[in-house]
Amino acid sequence: MKLYFTVGIMALLVTIELCTLWFAVGTLSSVRSFVNGEGLWSKAQKDAVYSLFIYAHSHREKDYQAFHDYLKVPLGDNKTRLELSKPKPDLAIARRGFLEGRNHPEDVDGMIKLITRFHKISYINKAIVIWGQAEQSMEQLITISDKLHTMINSKSVSQPEIDKVLEQAEVLNRRTTILEDDFSSTLGEGSRWLENIVLRLLLTLSLTIGTTSILITISVSRGIEKGVRAIITGASLVGKGLLNTRVKVYSRDEIGTLATSFNQMTDTLEHNMRHIRELKEAEEKLKTEKERAETSEKTKQLFLAKMSHEIRTPMNAILGFARLLEETLSVKEQQEYIHIIIKSGDDLLVILNDILDFSRMEAGKITIESVQFDLRDIIHTTILMMDSKAKQKGLDIKYHVDKVVPEVILGDSVRLNQVMLNLVSNAIKFTEKGSITISVTCLEQNDDTILLDFSIKDTGMGIPLAKQERIFESFEQVTNDASRRFGGAGLGLSIVKQLVSLQDGEIFVISKPDQGSDFHFRLSFLKISEAASKAIPEKEETLIESGKGIRILVVEDNQLNQMLVIKVLKKQGFETDVAENGLIALDKHQNNNFDIILMDLQMPEMDGYEATQKIRSLKPDKKDIPIIAMSAHTFKGEYEHCIETGMNDFISKPFNTKELYEKIFRLLRKNLQEPYHS
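Nothing here was measured: the structure is a model prediction, and the numbers come from that model.

Here we take up the overall build of the protein. Scanning the protein from terminus to terminus reveals 21 helices and 12 strands. Burial analysis of the protein (678 residues in total) assigns 41% to the buried set. In the protein, 71% of the contacts between residues at least 6 apart in sequence involve partners at least 24 apart. For the protein, the accessible area works out to roughly 38,900 Å², and carbon and sulfur atoms hold 56% of it.

Here is the structure:
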């Protein structure tokens, strides 16, 4: 009976505590609703004043109507205040007023109860008084608005007179804002007062409940032995690894809860063991996925190898015929044009190699070369390549290079050319009239290095200050409609920044809207000193012999490349024959006498590798013919694979004519030293 009595007392105390909490939460929620309502009221008042100011200058009736529309919020709240101040208020009117004040429907009843129950509390009473004072200011504001409306409609009042009336409205607006702040502050003080009372009451109830809990613990202590023993026994079994152990729950008290928790713990342990097994299974799946990913990587590598071959094969024909054409031209202007084509093709090949080298690109590794080049020639070539675009828009391209800048320096001419082309092309794109000026200035130098500042200045549309940092990011352009007006994906400047950063340089822009842009990038180069000259070996000039009397079998399936190789060889006096694949080459070699074979690798019917292996298995007078592999494949290990297959040398497409001649004569001379009779 004592236990039941004690439990009943605790239940009563807990009920009182919960009711106190419910009451406190409801009251504080109503206070919060009033604070929110004040925010809506304040915003509506400010919007109304703003509309009034607009109306004073626009004289549009809709702005005056907007002023009255905004005032519906505070006027609705005031309707509720006036109704609740009556001895017997109509609650329906009070609710309607709060709803007109845009208060949440679920908060309205609580707000009304707060006023009716606590209006005699000093904080609530003070807040209501401030509310009324603010409403008086609002009524004065309405009076001023009516006066202003009359003045504007009369059309005989000057703007300065209207402004004087607006000054009165501004004074009332500031006064109302202060009252609104006081209203919120007063409600805050009231809520803190209520919180203190509730906390004291809850603390008292908690202490009472705690004392009662001790009595309950003493009362039931004799009944816990059985439950504790069951838990101890179960824990011993779990310690031995029997995770399926469960203990019997004898009661719903703390010991019963402990027993239930013990059972939940064993459930968790069993679940964790299952989870561990699932993790092991997942690990096996991950291993399988890893193997699948490695297979996918190999597939990508094969794809890149195929793309390398498919792109470099037509490039071989383009550059090869361009070089042949260069040798036949005598007009200086035409020579310059073909020189630009060849140089652009060479630069494209360098960039293409970086794109196709998948592993380096993923790791962000692009090799920066250090070769001798003529800086002024780079600038001249850039201007020649961009001149036609500039002339189409009526733009002039000028350039100036400091006299102290050496003629020849050491650096990556391909990357420099790529940066210059991007920036000059960008300048032309965003310039409608005027000119583009390229300047190269020496910032500092010593015996070994020189720091140069490159400037590309235009007279175009300019760049806003807020955009000047972001334009170097991918897919960024000066304006939102720039891609529609000027085209492009917004990648050019991003690529330029990466190329400059890879060379330990910096890039920035100086620009103002409608005043043009001045892009600067600064790079350091090695000067050509005696030591530097020794460090960079120069290519030896080799006297190319005549190919007269030498028969060459060209094994190539691409007709353009066939035509190119034959023209290059015949120009040097070689006699040639063609085979479209390895099978035809094998037959022609067995039935004819050739001095050397130029072997493509990728061909239908029989590729170059299989054809070479079959040639090396022929009788002695046929198997030792020199074979040079010609391939658009440039992946690492390709040369070694060709040598292992039985070929004597390797030349990549697009090939250098002089290099091809040198390799042919070198192999023929070597073959003569190891007598070969064709």
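Another point: the sheet that holds strand S12 (residues 649–652). Spatial strand order, S9-S8-S10-S11-S12: five strands in an open sheet with parallel pairing. Strand pairing shows two members of the sheet lacking a second neighbour, strand S9 (575–579) and S12, which therefore form its edges. Strand after strand, the sheet turns through a mean of 20 degrees between neighbouring axes, direction not considered. In the sheet, strand S10 (residues 596–600) pairs with strand S11 (residues 627–631) via four bridges, with the strands oriented parallel. From the neighbouring strand, Met599 faces S11, where its bridge partner is Ala629. Contacting S10 and S11, helix H18 (residues 608–616) crosses the sheet at an angle of about 150 degrees to S10.

One finds Leu375, Leu416, Leu452, Phe454, Ile456, Phe521 and Phe525 to be the most contacted residues of the largest nonpolar core, which totals 41 residues. Taken together, the elements giving at least two residues each to this core come down to helix H11 (375–392), strand S2 (396–401), helix H12 (413–429), strand S4 (435–445), strand S5 (449–458), helix H14 (492–502), strand S6 (506–511) and strand S7 (517–527). In terms of residue count, H12 provides more of this core than any other element does, eight residues in total. With near-sequence residues (within four places) excluded, Leu375 lies in contact with Val405, Glu407, Ile409, Leu416, Val440, Leu452 and Phe454. Grouped together as the second largest cluster of nonpolar side chains are 34 residues, Leu84, Val165, Leu179 and Phe183 included.

Bringing H11 into the picture now. With 18 residues, H11 extends 27 Å from end C-alpha to end C-alpha; this agrees with the ideal 26 Å at 1.5 Å per step. All buried positions along H11 are accounted for by Leu375, Ile378, Ile379, Thr381, Thr382, Ile383, Met386 and Ala390. A distance of 3.0 Å separates the backbone nitrogen of Arg376 from a side-chain oxygen at the start of H11, and that oxygen is part of Asp374. Just downstream of H11, Gly394 is the residue with a positive phi angle, here 75 degrees.

On to the packing of aromatic side chains, then. Tallied over the entire structure, the rule returns seven aromatic pairs. Their ring planes at 0 degrees and their centres at 4.6 Å tell us that Phe454 and Phe521 sit as a pair that is stacked. Of this pair, Phe454 sits in strand S5 while Phe521 sits in strand S7, and the two are 67 residues apart along the sequence. Judged by its relative accessible area of 1%, Phe454 is buried.

For S5, the tally of buried residues reaches seven of 10 residues, placing the bulk of the element in the interior. In this structure, S4 lies alongside S5, joined through nine bridges in antiparallel fashion. Note that in S5 the partner of Val440 across the bridge is Phe454. Hairpin remark: S4 followed by S5, antiparallel, with three residues in the connecting loop. Two strands pair when backbone bridges link them, and S5 and S7 are joined in this way by nine bridges, in the antiparallel orientation. Its bridge partner lying in S7, Leu451 is registered against Ser524.

On to the pattern of salt bridges, then. This structure, assessed with the given rule, holds 15 salt bridges. A salt bridge links Arg60 to Asp63; its shortest N-O distance comes to 3.0 Å. Exposure remark for Arg60: the relative accessible area of 41% places this residue in the partly exposed category. The partner of Arg292 in a salt bridge is Glu289, with the nearest N and O atoms 3.0 Å apart. In this pair, Arg292 and Glu289 both sit in helix H8 (residues 254–328), three residues apart, roughly one turn of the helix.

How two helices sit against one another is set out by the angle between their axes and by the gap between those axes. Where H11 contacts H12, the two axes come as close as 10 Å, and the packing angle between them is 30 degrees. The element H11 and its partner H12 pack so that their crossing is right-handed. Taking contact as the criterion, the partners of Leu375, Ile378, Ile379, Thr382, Met385, Met386, Lys389 and Ala390 in H11 are, on H12, Ser413, Leu416, Asn417, Met420, Leu421, Val424, Ser425 and Ile428. Tallied by class, the residues present in the contact of H11 with H12 amount to 11 nonpolar, four polar and one charged.

Moving on, we come to H18. Buried within H18 are the following residues: Gly608, Tyr609, Ala611, Thr612 and Ile615. Around the axis of H18, the buried residues are gathered within 165 degrees of arc, so they sit on the same side. The elements touched by buried residues of H18 are helix H17 (582–591), S10, helix H19 (620–623), S11 and helix H20 (638–645). The residue sitting at the N-terminus of H18 and contributing the capping side-chain oxygen is Asp607; that oxygen lies 3.2 Å from the backbone nitrogen of Tyr609.

Low pLDDT marks stretches whose predicted atomic positions should not be read closely. Across the protein, pLDDT averages 78, with 81% of residues at or above 70. Considering only residues more than four positions removed or in separate chains, one finds that residues 357–363, a stretch of pLDDT under 50, has 12 contacts. In this model residues 479–490 is a low-confidence stretch, pLDDT under 50, and it forms 22 contacts with partners more than four residues away in sequence or in other chains.

Next up on the list: unusual backbone geometry. In this model, Asp514 sits at a positive phi of 65 degrees, which is unusual for a non-glycine residue. Within the secondary structure, Asp514 sits in the loop between S6 and S7. Even without a glycine there, the phi angle at Glu605 is positive, about 65 degrees. Considering the arrangement of structural elements, one finds Glu605 in the loop between S10 and H18.

Close contact between helix H2 (residues 61–84) and helix H5 (residues 122–154) brings their axes to 11 Å; oriented N to C, the two are set at 160 degrees. With respect to each other, H2 and H5 are oriented roughly antiparallel. Here H2 and H5 pass one another in a crossing that is left-handed. On H5, the residues that touch Glu61, Tyr64, Phe67, His68, Leu71, Pro74, Leu75, Asp77, Asn78 and Arg81 of H2 are Ile128, Trp131, Gly132, Glu135, Met138, Leu141, Ile142, Ser145, Asp146, His149 and Asn153. Considering only residue class, the contact of H2 with H5 consists of 10 nonpolar, six polar and five charged.

To continue, consider the side chain of Asp63. Relative to the helices and strands, Asp63 is located in helix H2. Residue class for Asp63 comes out buried when judged on its relative accessible area of 10%.

Scoring rules and cut-offs
Residues numbered from 1 in each chain as written. Predicted model: local features only at pLDDT ≥ 70, side-chain atom pairs only at ≥ 80, totals over all residues. Heavy atoms only, no water. Helix = DSSP H or I, 4+ residues; strand = E, 2+ residues; numbered from the N terminus. Buried < 20%, exposed > 50% of the residue type's maximum accessible area, 1.4 Å probe, protein only. Contact = heavy atoms within 4.5 Å. Areas by Shrake-Rupley, 256 points an atom, 1.4 Å probe, with all protein chains shown as cover. Pairing = 2+ DSSP bridges. Axes fitted to C-alpha atoms, helices over the stretch in contact; angles between N-to-C directions. Core = buried A, V, L, I, M, F, W, Y, C linked by side-chain atoms within 4.5 Å. Expected span 1.5 Å × (residues − 1). Polar contact = N/O pair within 3.5 Å; in protein donor to acceptor, adjacent residues only side chain to side chain. Phe/Tyr/Trp six-rings, centres within 6.5 Å; stacked < 30°, edge-to-face > 60°. Salt bridge = Lys/Arg side-chain N within 4 Å of Asp/Glu carboxyl O. Left-handed = near helix turned anticlockwise from the far one by under 90°. Nonpolar A, V, L, I, M, F, W, Y, C, P; charged D, E, K, R; others polar. Arc of directions from axis to C-beta. pLDDT = per-residue confidence, 0-100. Parallel < 35°, antiparallel > 145°, perpendicular 65-115°, else oblique.

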